[in-house]
Amino acid sequence: MISDWAFLGWSDGRILLGRGPFEPRASAPAEGVAFYRNDFGLGDAKPWLVPSEVSWLEVDEAVERFPSTAPQVAWDELEATHFASVFQEVSGAIRRGTFEKTVPVVVEEGQLVDGSVDALAGMAMRADGPLVPYGYRCGEHGFVGQSPEYLLRVKGRDLRTMALAGTARAEERDVLAVDEKEIREHEFVAQALVSKLGELGTLERGARGIMALGPIVHFHTPITVTLDREEEIDSLIKRLHPTPALGPLPRTAETMAALLNWRRRLGAPAEFGAPFGAVADGDFQGIVSIRGLWWQAERVSLPAGCGVIEPSRLVNEWRELRLKRSAVKERFGL
């Protein structure tokens, strides 16, 4: 059993597993391995965590390090009242022109009634398709997930990122392809990334496609940049995070403060939607920490966000939030 741990699914299919205690640092080490964990507002002055031990494992090897019995969670009843209030405030801010888009969060909570949260790590590691397993535990606090969205992959002057926004049920895939509201939401994200990265080198935007994730499908656009020079990882993270997929558009001090206030009121975990990743000898891979579970002692949280733009309607967004949470519960057997 590992007490404090962090892990990330690497692009070659292996699991990078680190064991604590971790040494916090303000910047990434030039050599070796360090994990990157921060809050959504990037408020941690020492987000880099150097593990005491590092293992590169095949999935089955990594899973064996954790309990195999799935935990059981008794979920609290989730009411729409608080989200509806925030949604009306968001809609008003959009009508006033403060925002073009932003992403409020709903959190479903429950109580662990059987098993260990450590078992969730092994379950997360069995991610399939484009999903990337990730997780972190320190003491009684932790989170695990299977993220469909990588924020940044950087090796030397090769940078890769993606726009992932626009959501529908799998059976509504054909409708998503022509849904003007979802296309508009996706383009906000893709165009913002192109704008932020174009000045750093030669950029290539791929074609918009659809990523299938079991019961959910999303619009997906790959973006690559050949950097004019090597860039500091921290600088790139701050340039990109949060993209309009999870953050406000436009991204200003005022709009970020408003979003952080809405997130606090709705009980969003600090790391939900934040960058999480790892560097290994200069090769950085980082995801957006979504589609996951958070815990503090025996209280478990399941957050989900929805992109709100001018045409958004409360009932549709509430339905999308339920769809995202249900997909997480299904993957973790909860």
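Note: the structure precedes this text.
Residues numbered from 1 in each chain as written. Predicted model: local features only at pLDDT ≥ 70, side-chain atom pairs only at ≥ 80, totals over all residues. Heavy atoms only, no water.

A. The overall build of the protein chain, seen in detail. When its secondary structure is counted, the protein chain shows 8 helices and 19 strands. A compact globule built from 334 residues would reach a C-alpha radius of gyration of about 20 Å, and the protein chain, at 19 Å, matches this within 12%. Its C-alpha atoms give the protein chain principal-axis dimensions of about 50 × 50 × 35 Å. Counting across all 334 residues of the protein chain, residues that qualify as buried make up 55%. (Helix = DSSP H or I, 4+ residues; strand = E, 2+ residues; numbered from the N terminus. Rg over C-alpha atoms; globule rule 2.2 N^0.38 Å. Buried < 20%, exposed > 50% of the residue type's maximum accessible area, 1.4 Å probe, protein only.)

B. Local environment of the nonpolar core. Of all hydrophobic cores here, the largest spans 74 residues; its most connected members are Leu 8, Phe 35, Leu 152 and Phe 276. Among the elements that take part in this core, helix 2 (residues 81-95) stands out by supplying 6 residues, more than any other. Among residues more than four places away in sequence, those in contact with Leu 152 are Leu 159, Arg 160, Leu 236, Ile 237, Leu 240, Phe 284, Gln 285 and Gly 286. Counting 23 residues, the second-largest nonpolar core is a separate cluster that includes Phe 7, Val 73, Val 300 and Phe 332. (Core = buried A, V, L, I, M, F, W, Y, C linked by side-chain atoms within 4.5 Å. Contact = heavy atoms within 4.5 Å.)

C. Examining the environment of Glu 310 more closely. Along the chain, Glu 310 falls in the loop between strand 19 (299-305) and helix 8 (314-331). For Glu 310, a relative accessible area of 45% gives the class partly exposed. Sequence separation between Glu 310 and Phe 188 is 122 residues; the distance between their C-alpha atoms is 12 Å. Setting aside anything within four residues of it in sequence, one finds Glu 310 in contact with Ile 94, Glu 100 and Arg 184.

D. Representation of the packing of aromatic side chains within the structure. Counted under the stated rule, the structure contains 18 aromatic pairs. An angle of 25° between the planes, with centres 5.3 Å apart, marks the rings of Phe 143 and Trp 294 as stacked. One end of the pair, Phe 143, is in strand 10 (residues 141-147); the other, Trp 294, is in strand 18 (residues 292-296), with 151 residues separating them in the sequence. Across the pair, exposure class does not vary: Phe 143 and Trp 294 are buried alike. Taken together through their ring pairs, the aromatic side chains of Phe 22, Phe 35, Tyr 134, Tyr 136, Phe 143, Phe 272, Phe 276 and Trp 294 make up a single cluster. Just above the ring of Tyr 150 sits the side chain of Arg 153; from NZ or CZ to the centre is 4.1 Å. The ring of Trp 318 has Arg 325 lying over it, and the distance from NZ or CZ to the ring centre is 6.0 Å. (Phe/Tyr/Trp six-rings, centres within 6.5 Å; stacked < 30°, edge-to-face > 60°. Lys NZ or Arg CZ within 6 Å of the ring centre and 35° of its normal.)

E. Region of interest: the sheet that holds strand 2 (residues 15-19). Read across the open sheet, the 9 strands follow the order 6-2-1-9-10-18-19-8-7; overall the sheet is antiparallel. Strands at the two margins of the open sheet, each flanked by one partner only, are strand 6 (53-57) and strand 7 (72-75). Neighbour to neighbour, the strand axes of the sheet diverge by 20° on average, direction disregarded. Pairing of strand 2 with strand 6, which is carried by 5 bridges, proceeds in the antiparallel orientation. Counted as the bridge partner of Ile 15 is Leu 57 from strand 6. (Pairing = 2+ DSSP bridges. Axes fitted to C-alpha atoms, helices over the stretch in contact; angles between N-to-C directions.)

F. Layout of helix 8. The terminal C-alpha atoms of helix 8 lie 26 Å apart, and with 18 residues this matches the ideal 26 Å at 1.5 Å per residue to within 8%. Residues Glu 317, Trp 318, Glu 320, Leu 321, Leu 323, Lys 324, Arg 325, Ala 327, Val 328 and Lys 329 constitute the buried set of helix 8. (Expected span 1.5 Å × (residues − 1).)

G. Fine view of helix 3 (residues 118-125). Of all the 8 residues making up helix 3, 7 are buried; the element is thus mostly covered by neighbouring parts of the structure. For helix 3, every residue scored as buried is listed here: Asp 118, Ala 119, Leu 120, Ala 121, Gly 122, Ala 124 and Met 125.

H. Here's a closer look at unusual backbone geometry. Cis geometry is found at the peptide bond from Gly 20 to Pro 21, where omega equals 5°. Here Pro 21 lies in the loop between strand 2 and strand 3 (23-25). Across the junction of Leu 249 and Pro 250, the peptide omega takes the value 0°, indicating a cis bond. With phi around 50°, Arg 291 is a residue other than glycine that occupies positive phi space.

I. Inspection of the pairing of strand 18 at higher detail. Across the 5 residues of strand 18, 4 count as buried, placing the element largely inside the fold. Looking at chain direction, strand 18 and strand 19 are connected through 3 bridges and run antiparallel. Bridged to Trp 295 within strand 19 is Val 300. Taken together, strand 18 and the strand that follows it, strand 19, pair antiparallel across an intervening segment of 2 residues, in which Ala 297 is found at a positive phi of about 55°.

J. Local environment of the pattern of salt bridges. Taken as a whole and assessed by the stated rule, the structure comprises 21 salt bridges. With a shortest N-O distance of 3.2 Å, Asp 158 and Arg 160 are connected by a salt bridge. Looking at Asp 158, the relative accessible area reads 31%, which means it is partly exposed. Classification of Arg 160 as partly exposed rests on a relative accessible area of 39%. With a closest N to O distance of 2.9 Å, Glu 320 and Lys 324 form a salt bridge. (Salt bridge = Lys/Arg side-chain N within 4 Å of Asp/Glu carboxyl O.)

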